[in-house]
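# Structural characterization, general
The primary structure of each chain is shown beneath.
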Amino acid sequence: MSEGIEACAAAAAAAAAAAKKLNLEKATNFMKQYRDPESRELKKLSANQFTEVWSHYDKDGNGYIEGTELDGFLREFVASANKNDISPEAVSDAMLAELKQCFMEAYDDNQDGKIDIRELAQLLPMEENFLLLFRFDNPLDSSVEFMKIWREYDTDGSGYIEADELKNFLRDLLKEARKINDVSEDKLIEYTDTMLQVFDANRDGKLQLSEMAKLLPVKENFLCRQAFKGATKLTKEDIERVFALYDRDNNGTIENEELRGFLKDLLELVKKDYDAQDLSEFEETIMRGVDYNKDGKINKKELTMILLAIARHNQDD
């Protein structure tokens, strides 16, 4: 797939060079250092180099390259492919718009108009093993699966995925992807450090729930759909779909990891940065309001009350 965008980049760069006749002052181009000086092909990036690229363009650290960040990345990506060392500013707005459309069609898998780290990993050539970390069976179907994985690897129950726990997770991920265990301990440590650099937003040396959620994204937060935003009437079918999504064992109640997965999605509607303590307090608050039979689970009637409250709240807003 990267060949297609490289072709787009080369064509746009050549056109830009001709249009500007190379008279523009050459601006600093961050991407130039990652290209072969002769062929101008992208070099294979190490885990640390990939992190450098990501951190450079995700300037606000929100986990996406978007808006002016994306424009800057595309201008420099295109300009760095040209052997005449054109300035990124030589890429006109019209060329940028065309390139962006080409780029997003190729790499914006979830069609949200921005690039996340997993999508960028499909564009830039990287070490094979490190690349595999972004190609596992993802996104997850629901936050229920996420919470099961969280419980499995938060082995000390601290409410965080610490460095050693993250290393174990990455080891299992690579072992499953390659079906063999051929990754050295030094490489695992390097990959763990790199993942922490990318996803540990508050720089405390471990991953809280919301940070791990970016490493292990869920296909869709169903509660973000229009039906729950007051734009349309909430139907019985909507409620049935939500209940089936979280009641994974089909026992008629949402409980344990199912419940925490549902509450995680609910919490994300109001809070972007959260940890296990936030989720626990949120669970206590919600269950105090709707768990009338005090069984620590949510049945379909109780779920209906929660979803109707969300829809009404959003409609009032």
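All figures in this text were calculated on a predicted structure; none of them were measured in a lab. Per chain, residues are indexed from 1 in the order of the written sequence. Under the rules for a predicted model, residues below a pLDDT of 70 receive no local features and side-chain atom pairs below 80 are neither given nor counted, while totals for whole chains, interfaces and linings still include all residues. Only hydrogens and water are set aside; all other atoms, that is, all heavy atoms of the structure, feed into the side-chain values.

## Details of the environment of arginine 248
Going by this rule: In this description a helix means any DSSP run of H or I spanning at least four residues, a strand means any run of E spanning at least two, and both kinds are numbered starting from the N terminus. The cut-offs for exposure are 20% and 50% of the maximum accessible area for each residue type, with area from a 1.4 Å probe on protein chains only; residues under the lower value are buried, those over the upper are exposed, and the others partly exposed. Whether two residues are in contact is decided by their heavy atoms: any pair within 4.5 Å suffices. We call two N or O atoms a polar contact when they sit within 3.5 Å, provided that within protein one can donate a hydrogen and the other can accept it, with sequence-adjacent residues counted only if both atoms are side-chain atoms.
With respect to the helices and strands, the residue arginine 248 is situated in the loop between helix H11 (236-246) and helix H12 (257-268). With a relative accessible area of 31%, arginine 248 lands in the partly exposed category. If we skip the residues at most four places from it in the chain, arginine 248 touches Asp141, Ser142, Val144, Glu145 and Glu258. At 3.0 Å, the side chain of arginine 248 and the side chain of glutamate 145 are in polar contact.

## What to know about the layout of surface pockets
The condition is simple: Here the term cavity refers to a set of points on a 1 Å grid, laid over the protein atoms alone, in which a 1.4 Å probe fits but cannot get out; the term pocket refers to an open set having protein on both sides within 12 Å along at least five of seven lines, with lining residues being those that place an atom within 4 Å of a point. Grid points are joined across faces, edges and corners, and a volume is the space filled by probe spheres set on the points.
Approximately 1,300 Å³ is the volume found for the largest pocket. As for the largest pocket, its lining consists of 45 residues, and the residues nearest its centre are Tyr64, Asp116, Ala213, Lys214 and Pro217. If you list the elements that add at least two residues to the lining of the largest pocket, you get helix H2 (47-57), helix H5 (117-123), helix H9 (185-199), helix H10 (209-215) and H12.

## A look at the packing of aromatic side chains
Definition in use: Centre distance within 6.5 Å is the pairing criterion for rings of Phe, Tyr and Trp, where only the six-membered ring of Trp is used; planes under 30 degrees apart are then read as stacked, over 60 as edge-to-face, and the remainder as tilted. Definition used: whenever NZ (Lys) or CZ (Arg) falls within 6 Å of the ring centre and also within 35 degrees of the ring normal, the charge is taken to sit over that ring.
Inspection of the entire model under this criterion finds 11 aromatic pairs. On the basis of an interplanar angle of 85° and a centroid distance of 6.0 Å, the ring pair of phenylalanine 30 and tyrosine 57 is categorised as edge-to-face. Placement of phenylalanine 30 in the loop between helix H1 (2-20) and H2 and of tyrosine 57 in helix H2 is noted, with a sequence separation of 27 residues between them. Ring centres of phenylalanine 130 and tyrosine 191 lie 5.4 Å apart, and the angle between their planes is 40°; this geometry places the pair in the tilted category. Of this pair, phenylalanine 130 sits in helix H6 (residues 128-132) while tyrosine 191 sits in helix H9, placing them 61 residues apart in sequence. Residue class for phenylalanine 130 comes out buried when judged on its relative accessible area of 0%. Taken together, the aromatic side chains of Phe30, Tyr34, Tyr57, Phe73, Phe77, Phe103 and Tyr107 make up a single cluster linked through ring pairs. Over the aromatic face of phenylalanine 146 sits the side chain of lysine 264, whose NZ or CZ is 4.8 Å from the ring centroid.

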